[in-house]
Amino acid sequence: MEEKKFYVKDVLLILAGTCLYAFGLVTFNIANDLAEGGVTGITLILRALFHIDPAYSTLIINIPLILIGGKVLGKHSFYYTILGTVSLSVFLWLWQRFPIEVNLDHDLLIASLLAGLAAGLGSGFVYRVGGTTGGTDVIARILEKNYGISMGRSLLIFDILVLVLSLSYIDVKRMMYTLIVSFVFSRVVDSVLDGAYAAKGMLVISDHTEDIGEVVMAILERGVTYLNGQGGYSQGEKKVLYMVVSPSELMEIKRIVHELDPKAFISVINVHEAIGEGFTYARPTKTLFKKKKVLN
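Owing to the predicted nature of the structure, the values given are computational and were not obtained by experimental measurement.

In this section: the pattern of salt bridges. Scanning the model with the defined rule gives 6 salt bridges in all. A salt bridge links E252 to R255; the nearest nitrogen and oxygen atoms lie 2.6 Å apart. With E252 and R255 both in helix α9 (residues 250-260), this residue pair falls 3 residues apart, about one helical turn. A residue is classified by how much of its surface remains accessible, and E252, at 26% relative accessible area, is partly exposed.

Have a look at this one:
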């Protein structure tokens with residue numbers, strides 16, 4: 001039963017993502033004569049030069065890429081890519097027939113930012129469940145899987161190449177605004193894939209590591225981990241405290257560490273994604289008893 005729910009959730013996210021992507025493309029890109037990167041950008045070139053509907057050309061161009069994706073990415077991504085590509089074409093057709101006008105007073109900067117935001121969020125939802133919208137998304141996912149190159153970065157490179165070709169129907173001014181679209185798109189995609197919950201990692205080196213850990217667990221209800229360390233100069237063994245916390249808890253933890261050991265060394269690092277209790281699961285309920293037990 002859980003597997004079915006998870007599958008339905010994936011499908012809904014893909015449909016929502018492609019709907020948002022198509023809306024942004026029609027409402028902001030096409031309406032303001034902005035280009036686009038990847039295969040979508042090629043379809044816009046075909047639309048401008050030969051009046052071919054992007055809803056149709058998107059599906060036709062993606063057929064060979066979908067076949068490649070099926071062989072390299074496996075059945076799961078293959079089925080999701082088919083769903084993403086077909087639904088994108090359907091939503092492109094619908095938004096062109098039933099458009100929603102957004103008055104931006106011909107401000108190309110705002111249009112560029114909104115286009116990148118809509119495309120990035122929409123694509124990010126699709127990528128997050130293992131799907132793609134076809135096109136260069138397939139190639140980008142292959143590069144991410146085999147070479148560890150982030151999808152946002154590789155898609156930006158592909159976008160720039162297609163944008164150069166887009167000079168055949170747009171001027172340099174609009175191409176530069178489209179670069180803003182591509183940049184915002186890549187950043188939003190990476191943000192969605194990295195995880196919606198911001199988190200910070202903290203390393204604390206102190207002579208009172210266990211005391212600090214107990215207070216943090218009691219007051220903030222955060223789990224901690226003790227790592228074995230050795231001083232490079234003193235060669236003495238020390239316990240290193242590691243924890244993942246929300247940004248809003250940083251100052252409180254720094255205060256706790258400073259009160260217990262003013263000489264403690266603290267290192268704060270960025271955590272791209274945090275999965276587990278307190279982040280993706282419900283946090284335990286704080287109890288006054290635990291707090292009194294430690295503080296007293």
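If you trace the 4 strands from one edge of the open sheet to the other, you get β2-β3-β1-β4, paired in antiparallel fashion. Unpaired on one side and paired on the other, β2 (225-230) and β4 (265-271) mark the two borders of the sheet. The sheet shows a mean angle of 25° between the axes of neighbouring strands, taken without regard to direction. Note: β2 against strand β3 (residues 237-245), 6 bridges, orientation antiparallel. Bridge pairing in β3 links G229 to K238. Strands β1 (199-205), β2 and β3 of the sheet are contacted by helix α8 (residues 209-219), whose axis makes an angle of about 20° with β3. Sitting on the sheet, α9 is in contact with β1, β3 and β4, with an inclination near 10° to β1.

Criteria and thresholds
Residues numbered from 1 in each chain as written. Predicted model: local features only at pLDDT ≥ 70, side-chain atom pairs only at ≥ 80, totals over all residues. Heavy atoms only, no water. Salt bridge = Lys/Arg side-chain N within 4 Å of Asp/Glu carboxyl O. Helix = DSSP H or I, 4+ residues; strand = E, 2+ residues; numbered from the N terminus. Buried < 20%, exposed > 50% of the residue type's maximum accessible area, 1.4 Å probe, protein only. Pairing = 2+ DSSP bridges. Axes fitted to C-alpha atoms, helices over the stretch in contact; angles between N-to-C directions. Contact = heavy atoms within 4.5 Å.

Purely geometric numbers; function is a separate question.
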